Amino acid sequence: MQKDGSDAQQVKANGWRQGSVISDALVQELTEAGKLPKGSGEGWWIVITHDCDVTNGSFENEPNVELIFARTLSADEVDGNRNWAKNTRLLQFESITPTGPVIFGCDANERKVVHRESLSQHTPATQ
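Residues numbered from 1 in each chain as written. Predicted model: local features only at pLDDT ≥ 70, side-chain atom pairs only at ≥ 80, totals over all residues. Heavy atoms only, no water.

> If you had to explain the overall build of the protein chain to someone new, which residues and values would you point to?
Within the protein chain one finds three helices and five strands. Starting at the N terminus and walking to the C terminus, you meet the elements of the protein chain as α-α-β-α-β-β-β-β. Expressed as a percentage of its 127 residues, the buried residues of the protein chain come to 35%. Of the contacts formed within the protein chain by residues at least 6 apart in sequence, a portion of 71% connects residues at least 24 apart. By element, 46% of the accessible surface of the protein chain is carried by carbon and sulfur atoms, the whole surface being about 7,600 Å². Charge-centre separation for the protein chain: the mean point of 12 positive side chains lies 4 Å from the mean point of 18 negative side chains. (Helix = DSSP H or I, 4+ residues; strand = E, 2+ residues; numbered from the N terminus. Buried < 20%, exposed > 50% of the residue type's maximum accessible area, 1.4 Å probe, protein only. Contact = heavy atoms within 4.5 Å. Areas by Shrake-Rupley, 256 points an atom, 1.4 Å probe, with all protein chains shown as cover. Lys, Arg positive; Asp, Glu negative; His and termini not counted. Charge placed at Lys NZ, Arg CZ, Asp CG, Glu CD.)

See the structure below:
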């Protein structure tokens, strides 16, 4: 990884934004580097850093991005008190996927910070 604040325009060119889903290849790379936990389960790692920070032109000014794991939930795990921001730490939401609607759950205590430069070598997953 470069540490000199070099041009970070490739992150923006690759299409990264807040809400982007991390591809399987990048998840594997970050897991092997010890940046993400092994065996996170079924779900997606999602960029939660604000767009202006994700696409900032300098790695020196904005070196990191924050990720959260959205775990796939079963029907019996759905809790109406965890949607529409009723709970500030536990969030559930529905997403339409190629296989149909899926309910995901996130825990704010399980966020991870990774070097933003890793996004310059990958594009977001298409879910």
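Still to come is the rest of the account.
> So what's going on with the side chain of S95? Which residues, and what values?
With respect to the helices and strands, the residue S95 is situated in strand β3 (residues 90-97). Residue contacts for S95: discarding those within four places in its chain leaves W44, G100, P101, V102 and F104.

> Please set out the confidence of the model for the protein chain residue by residue, giving values where relevant.
Low pLDDT marks regions whose predicted coordinates should not be analysed in detail. Counting all residues, the mean pLDDT for the protein chain is 87, and 93% of those residues have values of 70 or more. The least confident element of the protein chain is β3, whose mean pLDDT is 84; the most confident is strand β5 (residues 112-115), at 96. Every residue in residues 1-5 is under pLDDT 50, and counting partners more than four places away or in other chains gives nine contacts. (pLDDT = per-residue confidence, 0-100.)

> Explain the pattern of salt bridges to me, using residue names and the numbers behind them.
This model, assessed by the stated rule, comprises two salt bridges. In this structure, the salt-bridge partner of R111 is E66, at a minimum N-O distance of 3.4 Å. Here R111, found in the loop between β4 (100-107) and β5, pairs with E66, found in strand β2 (residues 64-72); they are 45 residues apart in sequence, far enough to count as distant. (Salt bridge = Lys/Arg side-chain N within 4 Å of Asp/Glu carboxyl O.)

> Describe the environment of Q28, with residues and values.
With respect to the secondary-structure elements, Q28 resides in helix α2 (residues 24-32). Using a relative accessible area of 48% as the deciding quantity, one classes Q28 as partly exposed. For the pair Q28 and E117, spaced 89 residues apart in sequence, the C-alpha to C-alpha distance is 16 Å.

> So what's going on with α2? Which residues, and what values?
Considered for burial, the residues of α2 that qualify are L26, L30 and T31. The arc that holds every buried residue of α2, seen down its axis, measures 135 degrees, which confines them to one face. More than 90 degrees from the buried face of α2, the exposed residues found are D24 and E32. Where the residues of α2 are buried, they touch β2 and β5. Downstream of α2 by one or two residues, G34 has phi in the positive range, about 80 degrees. (Arc of directions from axis to C-beta.)

> Which residues make up the packing of aromatic side chains, and what values do they have?
The tally for this structure, following the rule as stated, stands at three aromatic pairs. An aromatic cluster of at least three residues, connected via ring pairs, comprises W44, F93 and F104. (Phe/Tyr/Trp six-rings, centres within 6.5 Å; stacked < 30°, edge-to-face > 60°.)

> Any details on the side chain of S58? Residues and values, ideally.
Mapped onto the secondary structure, S58 falls in the loop between α3 (51-54) and β2. You can call S58 buried: its relative accessible area is 12%. Side-chain polar atoms of S58 contact the backbone nitrogen of E60, separated by 3.1 Å. (Polar contact = N/O pair within 3.5 Å; in protein donor to acceptor, adjacent residues only side chain to side chain.)

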